[in-house]
Amino acid sequence: GRRDSFAILGGPANDPRSVQRIAGFRAHTDAARLYSAGSWFVEGGRDQAAALLAEKPSGVFACNDRLAEAVITFCRQQRQPLPPLVGFDNAPIAERLRLTTIGIPWGTMVTEAANLAAARVAGGTTAARFVSLAHEPVHRLTA
C-alpha cells in the first residue's frame, strides 16, 4: 500500500506511552493519519474506528491490543474487510484474536529487575544504569 495512507489509533493524547509509540511508528511513515481514542480501552477505540476505516487506510497501527480489538470488532460488525493491522503489548487478547503485535519483553524486564534487586540485596554498590530492551514482534496469521 501507499505509505501515506496508513492510520494510527493512539491512546490518550497526553500519555507518554502513546506519544512514544506514535513517534516510533511515524519514524517509518510520518504521513500516517492519527486518530486518538482518548483511552486505552476498546470503547474509546470503537468511537474512532468508523472514522479511521472510512479513510480506507492501507494499514493500521494501534497503540495497544485493546484498541486493535476495537478495529477488529468494528470490521466484523460492519461486515467489512479488515485492513492489515498491528497492535502493541502482546496482551492475552492478542493471542485470542490472532493479532500480530509488538510485544513488550516482560520476561526479560522481570529478569533484569530481579537481577538488579538481588545484586543490591547482596551489598552491590555499582552505579545506576539504564537498560533498554528491544520489543519483540509477534507475528500471527488471522483466521
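Up top is the structure these notes are about.
Residues numbered from 1 in each chain as written. Predicted model: local features only at pLDDT ≥ 70, side-chain atom pairs only at ≥ 80, totals over all residues. Heavy atoms only, no water.

What follows concerns the pairing of strand 1 (residues 6-10). For strand 1, the tally of buried residues reaches four of five residues, placing the bulk of the element in the interior. Relative to strand 3 (residues 59-62), strand 1 runs parallel, the two sharing four bridges. Bridge pairing in strand 3 places Leu 9 opposite Ala 62. In this structure, strand 1 lies alongside strand 2 (residues 33-36), joined through four bridges in parallel fashion. Looking at the pairing, Leu 9 lines up with Tyr 35 of strand 2. (Buried < 20%, exposed > 50% of the residue type's maximum accessible area, 1.4 Å probe, protein only. Helix = DSSP H or I, 4+ residues; strand = E, 2+ residues; numbered from the N terminus. Pairing = 2+ DSSP bridges.)

Another point: the pattern of salt bridges. Applying the stated criterion across every chain yields a total of four salt bridges. Here Asp 15 ties to Arg 17 by a salt bridge, and the two come within 2.5 Å at their closest N and O atoms. Overall, the relative accessible area of 12% leaves Asp 15 in the buried class. A salt bridge links Asp 89 to Arg 21; its shortest N-O distance comes to 3.4 Å. Note that Asp 89 is positioned in strand 4 (residues 85-89) and Arg 21 in helix 1 (residues 16-26), a separation of 68 residues in sequence. Relative accessible area serves as the criterion here: at 18%, Asp 89 is assigned to the buried category. (Salt bridge = Lys/Arg side-chain N within 4 Å of Asp/Glu carboxyl O.)

Before going further, it helps to examine the layout of surface pockets. Computed from the structure, the largest pocket encloses a volume of approximately 270 Å³. When residues of the lining of the largest pocket are traced back to their parent elements, those giving at least two are helix 1, strand 3 and strand 4. When residues of the lining of the largest pocket are assigned to their parent elements, the largest contribution, four residues, is made by helix 1. Grouping the amino acids of the lining of the largest pocket by side-chain chemistry returns nine nonpolar, five polar and one charged. (1 Å grid on protein atoms, 1.4 Å probe; cavity = no way out; pocket = protein on both sides within 12 Å on 5 of 7 lines; lining within 4 Å. Points joined across faces, edges and corners; volume = space filled by probe spheres on them. Nonpolar A, V, L, I, M, F, W, Y, C, P; charged D, E, K, R; others polar.)

Taken as a whole and judged by the stated rule, the model has three aromatic pairs. Seen from their ring centres, Phe 25 and Phe 61 are 5.0 Å apart, and the 0 degrees between their planes marks the pair as stacked. Residue Phe 25 is located in helix 1, and its partner Phe 61 is located in strand 3; the two are separated by 36 residues in the primary sequence. Comparing Phe 25 with Phe 61 shows no difference in burial state: the two are buried. Centroid distance Phe 61 to Phe 88: 6.4 Å. Interplanar angle 90 degrees. Geometry classified as edge-to-face. Of this pair, Phe 61 sits in strand 3 while Phe 88 sits in strand 4, and the two are 27 residues apart along the sequence. Residue Phe 61 is classed as buried on the basis of its relative accessible area of 6%. Cluster of aromatic residues (ring-pair linked, three or more members): Phe 6, Phe 25, Phe 61 and Phe 88. (Phe/Tyr/Trp six-rings, centres within 6.5 Å; stacked < 30°, edge-to-face > 60°.)

We now examine the sheet that holds strand 1. Here six strands make up an open sheet; going across it, the order is 2-1-3-4-5-6 and the pairing mixed. Each edge of the open sheet carries a strand with a single partner, namely strand 2 and strand 6 (136-138). On average, each strand axis in the sheet is inclined to that of its neighbour by 20 degrees, with strand direction left out of account. Note: strand 5 (residues 101-103) against strand 6, three bridges, orientation antiparallel. The residue bridging Thr 101 from the neighbouring strand is Val 138, located in strand 6. (Axes fitted to C-alpha atoms, helices over the stretch in contact; angles between N-to-C directions.)

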